[in-house]
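Fold and contact review
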Amino acid sequence: MKIIMVVIWSVLSFSGLAAAAGGGYSLNKANIDATDAESLQRGAKIFADRCLSCHAATFMRYNRLADIGLSQGQIKQYFIADDSVKVGDTMKSAIDASTAKQMFGVIPPDLSVVSRSRGSDWLYTYFISFYKDETTTTGWNNSIFPNVAMPNVFSQEQGILRAVYAADDKSIVGLERETQGSLTARAFDDSMLDLTNFLVFMGEPAAEKRKQIGSLVIIFLILFAFMAWAVKREFWKDVH
Ligand code: HEC
């Protein structure tokens, strides 16, 4: 009984925490497809081109990109600019920790498993929710990460957004467009879904394989149970 109470209590408090993490600003649902290799490849390219300048992904090796359908040649050609980097290397940041700390006040966190701690909906909402804010050091702010030290890296593609505040308090109720970006709103959102898809893949590269093996194991267990039952019936036939 005690155990059941503890389980119920932890489930309730965890769901409470998850709701609190949103801070009132609702998250957008990230409709991503972990089996869509092209989406993962586009996401990987955005990640390598736009994020590794500040962040690292030290649990991720370049050659792991083979799991999303890229050949060793493609990995070398499209993902590795520097000759000193090998396909077997992990994804390191272009900036060293102390310079980053000086520039941003915090060290940009390693993103290998960020999808595990934040979840896909949070990440997707974070990427599309940067808005212009002259009061911050970077000139940017984020609806779900107030006073974030990361600048908006996609203002060119997305265009500039401004926050819309509630009349009675200072809470943000939405974002409105100030300038058009080089991508349509739809195309930009799609590219952020690709990026989120890749971050989720990176959090557990073997996830799809694990699910396949899981199904096979269940099928085997069902067949095995049937066979065990048939053998038992055969053995006991003469006893009765
Ligand atoms: C100019 C440097 C810079 C670039 C480029 C950059 N980031 Fe960041 N990012 C930061 C900094 C600094 C933080 C820490 C923010 C804070 O704690 O206030 C951060 C925080 C984050 C976080 C929040 C992590 C957490 O759980 O708190 C995520 C997710 C993230 N970045 C993803 C990305 C992705 C994906 C890209 C590429 C599209 C990217 N960043 C590009 C500097 C950068």
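For the structure itself, consult the block above.
Residues numbered from 1 in each chain as written. Predicted model: local features only at pLDDT ≥ 70, side-chain atom pairs only at ≥ 80, totals over all residues. Heavy atoms only, no water.

1. Here we look at a nonpolar patch on the surface
Taken together, the side chains of Ile213, Val217, Phe220, Leu221, Phe224, Phe226, Met227 and Trp229 make up a nonpolar region of the molecular surface, amounting to roughly 850 Å² of accessible area. Tracing the sequence through the fold places Phe220 in helix H9 (residues 207-236). (Patch = residues over 30% accessible without salt bridge, like charges linked within 9 Å, V, L, I, M, F, W, Y side chains within 5 Å. Areas by Shrake-Rupley, 256 points an atom, 1.4 Å probe, with all protein chains shown as cover. Salt bridge = Lys/Arg side-chain N within 4 Å of Asp/Glu carboxyl O. Helix = DSSP H or I, 4+ residues; strand = E, 2+ residues; numbered from the N terminus.)

2. Observations concerning the coordination of the iron atom of the ligand
Within the protein, His55 (NE2) and Met150 (SD) serve as the donor atoms for the iron atom of the ligand, at 2.0 to 2.1 Å. Given a relative accessible area of 11%, His55 falls into the buried group. (Donors = N, O, S within 2.8 Å, 3.2 Å for Na, K, Ca; no water. Buried < 20%, exposed > 50% of the residue type's maximum accessible area, 1.4 Å probe, protein only.)

3. Quick notes on the pairing of strand S6 (residues 172-177)
Here strand S5 (residues 161-165) pairs with S6 via five bridges, running antiparallel. Across the sheet, the residue bridging to Tyr165 is Ile172, located in S6. As consecutive antiparallel partners, S5 and S6 are separated by six residues. (Pairing = 2+ DSSP bridges.)

4. Focus: the environment of Lys45
The topology assignment puts Lys45 in helix H2 (residues 37-50). The exposure class of Lys45 is partly exposed, given its relative accessible area of 29%. Measuring from C-alpha to C-alpha, the distance between Lys45 and Phe198 comes to 9.3 Å, with 153 residues separating the pair along the chain. Ignoring sequence-local partners within four residues, the contact set of Lys45 consists of Tyr78 and Phe79. (Contact = heavy atoms within 4.5 Å.)

5. Thoughts on the packing of aromatic side chains
Applying the stated criterion to the full structure yields 10 aromatic pairs. With 5.7 Å between their ring centres and 55° between their planes, Tyr126 and Phe127 make a pair best called tilted. The burial state of Tyr126 is the same as that of Phe127; both residues are buried. Between Tyr126 and Phe145, the ring centres sit 6.0 Å apart and the planes meet at 40°, which makes this aromatic pair tilted. Note that Tyr126 is positioned in helix H6 (residues 120-128) and Phe145 in the loop between strand S4 (140-142) and helix H7 (155-158), a separation of 19 residues in sequence. Clustering of aromatic rings is evident, with ring pairs tying together Trp122, Tyr126, Phe127, Phe130 and Phe145. The ring of Phe79 carries Lys45 above its face, with NZ or CZ at 5.6 Å from the centroid. Against the face of Trp122 rests Arg118, its NZ or CZ located 4.0 Å from the ring centre. (Phe/Tyr/Trp six-rings, centres within 6.5 Å; stacked < 30°, edge-to-face > 60°. Lys NZ or Arg CZ within 6 Å of the ring centre and 35° of its normal.)

6. Details of the site of the ligand
Cys51, Cys54, His55, Arg118 and Met150 are the nearest of the 23 residues found near the ligand. A distance of 2.7 Å is found between an oxygen atom of the ligand and a side-chain nitrogen or oxygen belonging to Arg118. For the shell around the ligand, the secondary structure elements donating two or more residues are helix H5 (114-118) and H6. The residue inventory of the shell around the ligand, partitioned by class, reads 19 nonpolar, two polar and two charged. (Near = heavy atom within 4 Å. Polar contact = N/O pair within 3.5 Å; in protein donor to acceptor, adjacent residues only side chain to side chain. Nonpolar A, V, L, I, M, F, W, Y, C, P; charged D, E, K, R; others polar.)

7. Digging into the pattern of salt bridges
Summed over all chains, the structure comprises 12 salt bridges. In this structure, Arg162 and Glu178 form a salt bridge, with 2.5 Å as the shortest nitrogen-oxygen distance. In this pair, Arg162 sits in strand S5 while Glu178 sits in the loop between S6 and helix H8 (185-203), placing the two residues 16 residues apart along the sequence. A relative accessible area of 25% places Arg162 in the partly exposed class. Between Arg186 and Asp190 there is a salt bridge, with the nearest N and O atoms lying 3.8 Å from each other. Separated by four residues within a single helix, Arg186 and Asp190 lie in helix H8, roughly one turn from each other. For Asp190, a relative accessible area of 32% gives the class partly exposed. Connected through salt bridges with shared partners, the residues Arg116, Glu204 and Arg210 form a single ionic network.

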